[in-house]
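# Analysis of the macromolecular model
Next come the chains, spelled out residue by residue.
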Amino acid sequence: AQSASDHIYTLSSHGWLRNSAPSWKGSHSEVFTCSVCEEQVQVQIDVGAQLSPGAPFTTDEQFLASVKTPAQQKQFADGLLRSKIPFQSGFSIRIANTGLTKVGGKAALQFTAIIEAPQMPAARETRILLIYKGRLVSISLNYIDGSFSPKARKAVDGLLSSLKFL
């Protein structure tokens, strides 16, 4: 099945259950749940609203220039995740790795975080961030630590390698 989000990207979601979240103020989200994986594996693609001219970054080049070093990448990733998780929640976040990558033929920042909470198994989130056509695109892969099988790897690789920006 082909899907297009707000005419920003297209991908083949074969082997994935696709759910679209309601659009809000020009942003759009899709959640893909792996239907062939042994454990729950999800990929969420968020396309933000058009960035304002006063935003810290309006192009991918500006964004990537701000996260050139591993220290800058880790600081950005840590700040982004901490801004989404309430301080008193009891969650602990550790950035496992960071780096620059390519997705859909576009350069992007990638990081993996390990998120732990009391009485719950640790979760991993790998996030890929880029700015495309003046909009922040966030792709996040989520799964329980230790549950990412070779079958899941193949499914995720297939989904992400089919991603094309329009």
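Scroll up a little and you will see the structure.
As the structure is a prediction and not an experimental result, all values here were calculated from the model.

What counts, and at which threshold
- Residues numbered from 1 in each chain as written.
- Predicted model: local features only at pLDDT ≥ 70, side-chain atom pairs only at ≥ 80, totals over all residues.
- Heavy atoms only, no water.
- Phe/Tyr/Trp six-rings, centres within 6.5 Å; stacked < 30°, edge-to-face > 60°.
- Buried < 20%, exposed > 50% of the residue type's maximum accessible area, 1.4 Å probe, protein only.
- Helix = DSSP H or I, 4+ residues; strand = E, 2+ residues; numbered from the N terminus.
- Disulfide = S-S within 2.5 Å.
- Pairing = 2+ DSSP bridges.
- Axes fitted to C-alpha atoms, helices over the stretch in contact; angles between N-to-C directions.
- Contact = heavy atoms within 4.5 Å.
- Core = buried A, V, L, I, M, F, W, Y, C linked by side-chain atoms within 4.5 Å.

## Describing the packing of aromatic side chains
The description of an aromatic ring pair rests on the distance of the ring centres and on the angle between the ring planes. The final tally for this structure, using the stated rule, is four aromatic pairs. Both rings, one in Phe57 and one in Phe63, keep their centres 5.5 Å apart while their planes meet at 65°; by these two values the pair is edge-to-face. We classify Phe63 as buried; its relative accessible area is 1%. Seen in terms of ring centroids, Tyr132 and Phe165 are 5.0 Å apart; in terms of plane orientation they differ by 50°. Their pairing is tilted. Placement of the pair is Tyr132 in strand E8 (residues 123-132) and Phe165 in strand E10 (residues 164-165), with a sequence separation of 33 residues. Of the two residues, Tyr132 and Phe165, neither departs from the other in class, the shared state being buried. Among the aromatic residues, those joined into a ring-pair cluster are Phe57, Phe63 and Phe76.

## Considerations on the state of the cysteines
Evaluation of the coordinates by the stated rule reveals one disulfide. A sulfur-sulfur separation of 2.1 Å characterises the disulfide bridge that pairs Cys34 with Cys37. Across the S-S bond linking Cys34 and Cys37, the dihedral sits near 80°, which makes this disulfide right-handed. Each member of the pair, Cys34 as well as Cys37, is classed as buried.

## Focus on the sheet that holds strand E4 (residues 27-34)
A sheet is described by the order of its strands in space; here seven strands give the open sequence E3-E4-E5-E9-E8-E7-E6, paired in antiparallel fashion. Every interior strand has two partners, whereas the edge strands, strand E3 (16-24) and strand E6 (92-103), have only one. Each strand of the sheet is rotated relative to its neighbour by a mean of 15°, with strand direction disregarded. The pairing of E4 with strand E5 (residues 41-50) spans six bridges and is classified as antiparallel. Along E5, the bridge assignment pairs Glu30 with Ile45. Contacts from helix H2 (residues 70-84) reach E6, strand E7 (106-116) and E8, with the element oriented near 120° to E6.

## Structural notes on the nonpolar core
Counting 27 residues, the largest nonpolar core has Trp16, Val41 and Phe165 as its most contacted members. If you list the elements that add at least two residues to this core, you get strand E2 (9-12), E4, E5, E8, strand E9 (135-144) and helix H3 (150-161). If near-sequence neighbours (up to four positions away) are discounted, Trp16 is found in contact with Phe32, Thr33, Cys34, Ser35, Val41, Val43, Ala155, Val156 and Leu159. By size, the runner-up hydrophobic cluster in this structure holds 15 residues, among which are Phe63, Leu81, Ile95 and Leu129.

## Thoughts on unusual backbone geometry
Residue Gln119 is not a glycine yet carries a positive backbone phi of 60°. Here Gln119 lies in the loop between E7 and E8. The exposure class of Gln119 is exposed, given its relative accessible area of 82%. Even without a glycine there, the phi angle at Lys133 is positive, about 50°. Take Lys133: it is sitting in the loop between E8 and E9.

## Some details on the environment of Ile114
One can find Ile114 in strand E7. Assessed through its relative accessible area of 6%, Ile114 is described here as buried. Sequence separation between Ile114 and Glu125 is 11 residues, and the spatial gap between their C-alpha atoms is 6.6 Å. The contact partners of Ile114, leaving out residues within four places of it in the chain, are Ser92, Ile93, Arg94, Ala96, Ala122, Ala123 and Arg124.

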